[in-house]
Amino acid sequence: MGIFSSFIRDLPTYLLMMPVLLMAFSVHESAHGYAAYKLGDPTARNFGRITLNPAKHIDILGFICMLVARIGWAKPVPINARHFKNPRRDMAITGAAGPVSNLLLAVVNLIALRVIILLMPNQFVYEAELFSDGKLFTGTLGFTMMSLVVYLLYLGVFLNVCLAIFNLIPVPPFDGSRIFYAFLPPKWYFGVMKYERIIMMVMLVLIFFGFLDGPLAFIQNGIINALLWVVGMGGKTDDFRVMNSMYGYILTILQNLF
């Protein structure tokens, strides 16, 4: 299958991911701005960046990369560290606010997903089991709509965790570098800052060629599995199988639209 054919096949999936990603990026960037504002820097507020309006935050290239490669970015929130009482500490707090907000949003999606699975009618559970066993190809309208909700909520968990972990990489230009720098002794801090641009270029090359795909996926999957286990939806539970079946059902529909 060619690149164009693959893109056309996956286009409905990308379109369905868009609202989830827009919310994830908007929450992330707003959290940066809000944290900075509470610590004394009004720059983000003055630029209208403390908002859930995605138009204020989205970088088109970064958004496309997140859709296609699960690695992306938004427009950086303007921050003036001169307004902070303790610049290194406050920059670390501001940097951490974005990934933390995504992890919290992932938890909110997961709780909603758990409640839906718990309250799901037996008929939908039965249809999910039929699809899992390969005996169901077209579900009822109610099952299809419920599966779509499950699909979107799980995407909210997955994509928010991905965005959080990616941004916690402890090198520039990622949020994790602000946290990492706060713990460096002054001598080391200024030494690292001398080579910040070189470190950034090396990291971008590693990401571009996929050298970090394995470690990032390992961490992301570990966190998602841990969250599922906490809410009683670990990999061997009936509820997990129902969720996984409904997710797969929608994915099958999306990949066969064209």
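Summary of the structure given here. (Residues numbered from 1 in each chain as written. Predicted model: local features only at pLDDT ≥ 70, side-chain atom pairs only at ≥ 80, totals over all residues. Heavy atoms only, no water.)

## Notes on the overall build of the protein chain
So, step 1. When helices and strands are counted, the protein chain shows eleven helices and zero strands.
So, step 2. Along the protein chain, from the amino end to the carboxyl end, the secondary structure elements read α-α-α-α-α-α-α-α-α-α-α.
So, step 3. Taken over 258 residues, the protein chain has a buried fraction of 41%.
So, step 4. If you take every contact in the protein chain between residues at least 6 apart in sequence, the share linking residues at least 24 apart comes to 75%.
So, step 5. One finds the centroid of the 19 positive side-chain charges in the protein chain at a distance of 13 Å from the centroid of its 13 negative side-chain charges. (Helix = DSSP H or I, 4+ residues; strand = E, 2+ residues; numbered from the N terminus. Buried < 20%, exposed > 50% of the residue type's maximum accessible area, 1.4 Å probe, protein only. Contact = heavy atoms within 4.5 Å. Lys, Arg positive; Asp, Glu negative; His and termini not counted. Charge placed at Lys NZ, Arg CZ, Asp CG, Glu CD.)

## Considerations on the side chain of Asn109
So, step 1. Mapped onto the secondary structure, Asn109 falls in helix α4 (residues 87-118).
So, step 2. Look at Asn109 and you get buried, because its relative accessible area is 14%.
So, step 3. Beyond its immediate sequence surroundings of up to four residues, Asn109 is in contact with Leu153, Gly156, Val157 and Asn160.

## Thoughts on a nonpolar patch on the surface
So, step 1. Together, Val107, Ile111, Val115, Leu118 and Leu119 line one region of the surface with nonpolar side chains, adding up to about 460 Å² of accessible area.
So, step 2. When you line up the elements, Val107 lands in helix α4.
So, step 3. Residue Val107 is classed as partly exposed on the basis of its relative accessible area, which comes to 32%. (Patch = residues over 30% accessible without salt bridge, like charges linked within 9 Å, V, L, I, M, F, W, Y side chains within 5 Å. Areas by Shrake-Rupley, 256 points an atom, 1.4 Å probe, with all protein chains shown as cover. Salt bridge = Lys/Arg side-chain N within 4 Å of Asp/Glu carboxyl O.)

## Focus on the side chain of Ser245
So, step 1. Along the polypeptide, Ser245 turns up in helix α11 (residues 238-255).
So, step 2. By relative accessible area, which is 6% here, Ser245 ends up buried.
So, step 3. A distance of 2.5 Å separates the side chain of Ser245 from the backbone oxygen of Ala128, its partner in a polar contact.
So, step 4. In this structure Ser245 touches Ala128, Phe131 and Ser132, once residues within four positions along its chain are discounted. (Polar contact = N/O pair within 3.5 Å; in protein donor to acceptor, adjacent residues only side chain to side chain.)

## So, the packing of aromatic side chains
So, step 1. Scanning the model with the defined rule gives seven aromatic pairs in all.
So, step 2. Ring centres of Tyr151 and Tyr247 lie 4.6 Å apart, and the angle between their planes is 25°; this geometry places the pair in the stacked category. Note that Tyr151 is positioned in helix α6 (residues 141-167) and Tyr247 in helix α11, a separation of 96 residues in sequence.
So, step 3. Its relative accessible area of 0% is what places Tyr151 among the buried residues. (Phe/Tyr/Trp six-rings, centres within 6.5 Å; stacked < 30°, edge-to-face > 60°.)

## Points about the environment of Glu127
So, step 1. Position of Glu127 relative to the elements: it lies in helix α5 (residues 122-132).
So, step 2. Contacts of Glu127, omitting those with residues within four sequence positions, involve Leu136, Gly139, Thr140 and Phe143.

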